[in-house]
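Fold and geometry: a report
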Amino acid sequence: MKTKPLILNKKKFEFTSTHLLLIVFAIVFVVFTVMIPDKFFTGKNFMTIAKYSSVFGLIGIGMTFIIIGGEIDLSVAYIVGLSSMVMGTMLQTIDNVVLVAAAGILVGLVCGIFNGFVITKLRLPAFVVTIGTGQMFNGFAQLINNRPQIQFSNDLFREFSKINVFGVIPLPFIILLAVAVLTWFVLKYTVFGRCVYAVGSNKPASRLAGINAAKTNAFTFAISGFLCGIASFMVTSQNGSGIAAAASGAEMDAISAAVLGGASLAGGKGSIIGTLVGVFLLRIISNGMNLMNIETYWQMVLQGSLLIAAVIMDSVKNNKDD
Amino acid sequence: MEDVKANRIKGKRFHMTSAWSTFFVWIVICAIMAVLSPYFLSVKNFLSIAQYSAITGALAVGMTIVIVGGGIDISVGSVVTLVGMVLAAIMPASGSVPLMIIAALAIGVACGLANGLLVTKLNIVPFVVTLGTMEIFKGLAFLTTRGVNTPFNNLDFAAIGRGYSFGQIPNSFIIMLCMIVVGAFLLKMTPFGKKIFAVGSNATASKLAGINIKKIKLSTYIICGICAAIAGLISTSQNSAGLTNSGDGAELNAIAGAVLGGASLAGGSGSMVGTLIGVLLLNTITNGLNLLGVSSYWQLVAQGAILVFAVIVDSFKHKS
Amino acid sequence: MSELLKLKGISKEFPGVKALQNVDLELNRGEVLALLGENGAGKSTLLKIISGVYLPDAGEIYVDGEKKNFKIPADAAAEGIGIIYQELSYYDELTVAENIFVGKLPKANRIKVDWKEMNRRAKEILARLNVQIDPRALVKTLSTAEKQLVEIAKALASDTKILIMDEPTSALNDAEVKSLIEQTRKLAGEGIGVIFISHRLEELFAVADRIQIMRDGKRIDSFSMKDATPEKLVQLMVGREIKDMYPKGEIKKGDVVLEVKHLKNKTLKDISFSVRAGEILGVFGLMGAGRTEMCKAIFGASKLQEGEILMHGKPVKIHSVEDAKKAKIAYLPNDRKKEGLILSQSVKENFASAVIDRYTKGKGFIVDKKRVDRNADKWIKKLNVSTPSGDTVVETLSGGNQQKVVVGKWLETSPDVIILNEPTRGIDVGAKVEIYKLIEELCQEGMAVVMVSSEQAEVLSLTDRAIVLCEGRLTGELCCDDYTQERLMEYAIGGGA
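Okay, so let's go over this structure. (Residues numbered from 1 in each chain as written. Chains lettered and ligands numbered in written order. Predicted model: local features only at pLDDT ≥ 70, side-chain atom pairs only at ≥ 80, totals over all residues.)

1. Looking at the environment of V23 of chain C
Residue and element names in this part refer to chain C.
- The topology assignment puts V23 in strand 2 (residues 17-28).
- Among the residues examined, V23 registers 23 C-beta atoms within 10 Å and is labelled buried.
- Taking C-alpha positions, V23 is 32 Å from V407, a pair spaced 384 residues apart along the chain.
- The contacts of V23, once residues within four sequence positions are left out, are L7, I10, L46, K218 and R219. (Helix = DSSP H or I, 4+ residues; strand = E, 2+ residues; numbered from the N terminus. Buried ≥ 20, exposed ≤ 12 C-beta atoms within 10 Å, placed from the backbone. Contact = placed C-beta atoms within 7 Å.)

Structure, rendered in structure tokens:
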């Protein structure tokens, strides 16, 4: 999607996964609008979607970095949970909101660095390692207070997620857009960003070209951890509690969104804009199903199916390229 | 550079003895526990370790076969939950134990078939496929009982997981041992097992040697599904209930058990005896932590850390 | 002329292979040095040591008279050593310009890539090479030849003092080769030292000032190109008269065993040929000609869209390798480590891997270990495989012995036709001769052999008849008086037909 303008002598119109994604997006949108117009097509509902999209969008953007670099992280939901519990606990005694938020984000960053370090230093398969570290983070999150949830009463902290800019746009959404623009710039215009693509596209060659592939991959994990920290701050503020399972299933959402948005699990491909469209699509589906009172269990089934569908699309695409 | 070299040398030693070194670690942990807890070194406690090893053991047998074939299945925990929920749902209608067993195995075959077909027909990375199906199976499990823990009362059925034979030997442990023996026979003695090793070591070469790699891979996922279903049977029987969280984190233990026992995530190596030792090691640690009154949350941390540790050991083996 | 690069006493050993033994090399400023040797002579290993990919076990490297210790490729790059690898190392998902500057993207400031500047400079470099490629195009949209040119541009992009080209012309056509040679001479004129590897002797005469010949991991000789003749070079490279190497007995040819008609798929465009019992049919072509694809299509490992395969005159349906096996076709892949062997398994397991279903007892459920052992012993003896035992892990054997394991594995299926894809790639001369003898013996026993090779000498000497492929097409069939090195090459680059 992003690299397309670069091709000068590109053939005529070619139907790509991006188009498919946009069409699906439009169809889903129209279906919900027709089926539940009074609940779905309202300003208030859009604000809700925007708010939830912010949390999953940040996690998805982090995942996009990791996937472009050719890796994966299955621990993101637990990073958010650990950070959330840390913030919830700190708020019991500390009133300084900035300090608490900073600490929460730092926790995310540290978790990301830990993942990146273990995986790249020792060259381990990321998916198993992050299953393991995810469980560790999950354990730590519940250890802090010996329970999986802790409420707090700091109003200022709760207030953050309720702020609307110009009275209509939720602040978290503004943050998401800001992060999206920044990360888009990083991926497209910075040396680091291009190195992420290079490493994901051909790791051995990158090493020969003098790119520090391990460091590049480690950085993507750190970025993802950092963004998980911010996402955790948002979701904790929304919930008014530190919750270890605050983002449960987020890894699946994030991977689905990134892959739907054109990222390839083989690495080297993906874009921020694609991921964002993917995130919105998933959120709208989830929102619409909630409004139609469909059981959450069906949503679990759908979530898993969407992940597999996204990956099937990716694999079909790759086979065609050959 | 020097570091890498040092690791390589260390790795070689691990390679020679991966199952044995796990066995050694197990003995050390037993010794430490014996000092820390007077209760640890009792027959009763060891039988209890044996009883509770059965679920992880059953899962690890299937996982070992999948891993040897070069795949992975992280949906096994959800299969355990699904089996529990479905059995709890049909229990009021009929308490027949054979029916339960057939139902469970059918679920296992279906789940394994789904995973296997997605992996082989559509050529998708196994961990993503099974990540997706993990969620799907769990969703289906919750749909069966609307996400409610469902206890039941069926003494015949409870005997599978809680009964004893030959005096004090837990039935569940006997089931697991049988599975280990069958698994070992399959892997070591049959052409099918040889092919699993071949496919896991080098799929391209295996294909060019005329092995139907898709069929082999598909079979490993079906076997893994069946093993997960048996684990579900044991778990449901031990709990006398279908519990929403009965399979949570089970995949971690299964992978860790297999890898600690010498199975390599790169495929093409692994053994059932090693897996048995790996599973016993894991359950001894859990048992020890319980005896010492360590918080269950620490046990989550330990569970994750052991998996990471197992993978690190595995990677050293391969860098040599 | 001053000395730019000097290697002294370089040795390198891999498990089972002494890749390099005490090799020296000198390269002067402004000089093009040709490095000549057969496959497996150690050229690629030597290049990888110069560029810091491998650490030598012994020996010293001097750049500009200073002793250097390359630990990683970046160390060599920092000394101005640029290399174009035989296996292309491009990035499909990045643009041409990015590929050229990868690892050293031009920056507008400390973090930002200067796309404009990068595209401009990429265009300049491409113009220097006389190629018309849009620097903004994604590399995956380019042809193989274009990708190769991008690789060359990549090496030129940095401040290169020493440029190493490992078979840079293997995928290029005549005009492109000519332009590349011109470019190389021009670069030498600018004071760059070039090490040029190619199997095409005529190219070496056109481009090189001096030549160094390697054989079996050793430096054989080095002299000025003026003193070289093709005959002398070939003799030094092979180490003996070619005639001595290839056995050539009179073999009576039987009936047609394998015949293929109009094979077509994504790569192949209408290929037909036939081979008789006791005959060796040569298949020649350059990189990307579709040789391997053709083998795999016949062997059921690759899909065919159209075409017919006949065994002993009867059409057979081959949709999978199992089908091919049943039809008594065997295939020896060109990449024995990736496709031919299961490296981590033992010799006997590899010998049994194609026939494991037959070595069973108990109604096919249990592997008959005794038969597996006996089978291994039989082939170890018959093929003279030098291995401590059948339980040895095949990875530790030398290339030649590994190749024998693959051959034995297929002979155990008792095929009627065997397709050998580069059977002597990466093995030493002694083992080569053994393989040649073996092929000859197979023919005497009445097997039909299809031998794919990229070594002209090998094809010419071992076979009486060859087909030549270019870009998936059959461009010619050669035999008798027509069967010369010149004609082979002419057809291989698409001429002739």
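Next comes the rest of the write-up.
2. Digging into the sheet that holds strand 8 (residues 193-197) of chain C
Residues and elements named next belong to chain C.
- The strand order 6-7-8-3-9-10 describes an open sheet built from 6 strands, whose pairing is mixed. Taken across any chain shown, the strands that pair with only one partner, and hence form the sheet edges, are strand 6 (81-84) and strand 10 (218-224). Shown here is a sheet whose adjacent strand axes are inclined to one another by a mean of 15°, direction ignored.
- Where strand 7 (residues 162-166) and strand 8 come together, 5 bridges link them in parallel fashion. Along strand 8, the bridge assignment pairs I162 with G193.
- Running over the sheet, helix 1 (residues 43-50) touches strand 3 (32-36), strand 6, strand 7, strand 8 and strand 9 (210-215) and is turned about 150° from strand 7.
- Contacts between helix 6 (residues 174-189) and the sheet are confined to strand 3, strand 7 and strand 8, with strand 8 contributing the most and set at about 150° to the helix. (Pairing = 2+ DSSP bridges. Axes fitted to C-alpha atoms, helices over the stretch in contact; angles between N-to-C directions.)

3. Digging into the interface of chain B and chain C
- Contacts between the two partners involve 17 residues from chain B, matched on the other side by 23 residues from chain C.
- Secondary-structure elements contributing two or more residues to the side of chain B that touches chain C are helix 8 (191-201) and helix 9 (203-208) of chain B.
- If you tally residues by element for the side of chain B that touches chain C, the top one is helix 8 of chain B, at 5 residues.
- Class assignment of the residues belonging to the side of chain B that touches chain C gives a composition of 7 nonpolar, 7 polar and 3 charged. (Nonpolar A, V, L, I, M, F, W, Y, C, P; charged D, E, K, R; others polar.)

4. Observations concerning the interface of chain A and chain B
- Opposite the 35 residues of chain A that make contact, chain B presents 38 residues.
- Sorting the residues of the side of chain A that touches chain B by element identifies helix 6 (126-143) and helix 14 (296-321) of chain A as the ones contributing at least two each.
- Take the side of chain A that touches chain B: its biggest share by element is 14 residues, from helix 6 of chain A.

5. Description of the pairing of strand 7 of chain C
All names here are of chain C.
- Judged by how many residues are buried, strand 7 sits mostly within the fold: 5 of 5 residues are covered.
- Here strand 7 shows two buried faces, one formed by I162, I164 and D166 and the other by L163 and M165.
- As paired strands, strand 6 and strand 7 are joined by 4 bridges and run parallel to one another. Each residue of the ladder has a partner; that of I81, found in strand 7, is I162.

6. Quick word on unusual backbone geometry
Residues and elements named next belong to chain C.
- Unlike most non-glycine residues, N384 shows phi in positive territory, near 60°.
- Position of N384 among the secondary structure elements: in the loop between helix 14 (369-382) and helix 15 (399-411).
- Judged by the 13 C-beta atoms lying within 10 Å of it, N384 is partly exposed.
- Unlike most non-glycine residues, E422 shows phi in positive territory, near 50°.

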